[in-house]
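# Secondary and tertiary structure notes
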Amino acid sequence: MVEQVNQQVNVPGGSSDYQESAQCTAHRETWEETGLDISPVQLIKIFNNGFQLYLCQLKGINNTINPPMRLEVRRAFWLNPEHFSHYQWRYSNQQSWLKQWLSKHY
């Protein structure tokens with residue numbers, strides 16, 4: 001998860017660069033916001049606002065969150081779904097949908 005400067009949390013994400021695929025955007029935005037090197041494996045949801053959520057796999061064995069200094073992200077952290085409700089989400093529909101999806105698949 002990433003926490004924005006306004007203290008709202010959400011999954012890493014952002015806008016695509018010109019002619020950038022959604023998978024490349026997922027990889028780039030995740031690295032920019034968390035420092036994690038991931039590979040998008042499977043598209044799992046397209047939200048009403050067009051946001052595409054991917055199931056991702058860490059490349060290598062390093063799962064240390066170490067984001068480069070970015071202005072829009074206050075911090076990045078692993079968040080257990082049981083604690084989702086302890087945070088204010090940027091997009092509340094993502095919170096409930098993601099918690100339900102994770103409970104079915106993990």
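Look up a bit, the structure's there.
Below you will find a few notes about this structure. Treat the numbers as computed from the prediction; the structure is a model and nothing was measured.

Our focus in this paragraph is the packing of aromatic side chains. Under the definition given, this model contains six aromatic pairs. Seen in terms of ring centroids, Phe47 and Trp97 are 5.8 Å apart; in terms of plane orientation they differ by 80 degrees. Their pairing is edge-to-face. Placement of the pair is Phe47 in the loop between β3 (38-46) and β4 (52-58) and Trp97 in helix α2 (residues 92-105), with a sequence separation of 50 residues. Exposure remark for Phe47: the relative accessible area of 7% places this residue in the buried category. In textbook terms, an aromatic cluster arises when at least three aromatic residues are bridged by ring pairs, as seen for Phe47, Phe51, Trp97, Trp101 and Tyr106. Sitting over the ring of Phe47, Lys45 keeps its end group 5.5 Å from the ring centre. Lying over the aromatic face of Phe77, Arg75 brings its terminal NZ or CZ to 4.1 Å of the ring centre.

Turning our eyes to something else, we now look at α2. Since one α-helical turn is 3.6 residues long, residues separated by three or four positions face the same way. The end-to-end C-alpha separation of α2 is 20 Å, in line with the 20 Å expected for 14 residues at 1.5 Å each. At its buried positions, α2 is contacted by β2 (9-10), β3 and β4.

This part takes up unusual backbone geometry. Within the chain, Gln7 stands out as a residue other than glycine whose phi angle is a positive 75 degrees. Accessibility expressed as a relative area gives 44% for Gln7, which makes it partly exposed.

Glancing now at the environment of Glu29. With respect to the helices and strands, Glu29 occurs in helix α1 (residues 22-34). Taking relative accessible area as the criterion, Glu29 reaches 8% and is therefore assigned buried. Separated by 46 residues in sequence, Glu29 and Arg75 have C-alpha atoms that sit 14 Å apart. Apart from residues lying up to four places away in sequence, Glu29 is in contact with Pro12, Gly13, Gly14 and Ser15.

Turning to the pattern of salt bridges, a few remarks are in order. Following the criterion strictly, the structure yields seven salt bridges and no others. For the salt bridge of Glu3 with Arg75, the shortest nitrogen-to-oxygen distance reads 2.6 Å. Of this pair, Glu3 sits in strand β1 (residues 2-4) while Arg75 sits in strand β5 (residues 73-76), and the two are 72 residues apart along the sequence. Arg75 sits in the partly exposed class, given a relative accessible area of 35%. A single network of salt bridges, built from pairs that share partners, joins Asp17, Glu20, Arg28, Glu29 and Glu32.

Definitions and cut-offs
- Residues numbered from 1 in each chain as written.
- Predicted model: local features only at pLDDT ≥ 70, side-chain atom pairs only at ≥ 80, totals over all residues.
- Heavy atoms only, no water.
- Phe/Tyr/Trp six-rings, centres within 6.5 Å; stacked < 30°, edge-to-face > 60°.
- Helix = DSSP H or I, 4+ residues; strand = E, 2+ residues; numbered from the N terminus.
- Buried < 20%, exposed > 50% of the residue type's maximum accessible area, 1.4 Å probe, protein only.
- Lys NZ or Arg CZ within 6 Å of the ring centre and 35° of its normal.
- Expected span 1.5 Å × (residues − 1).
- Contact = heavy atoms within 4.5 Å.
- Salt bridge = Lys/Arg side-chain N within 4 Å of Asp/Glu carboxyl O.

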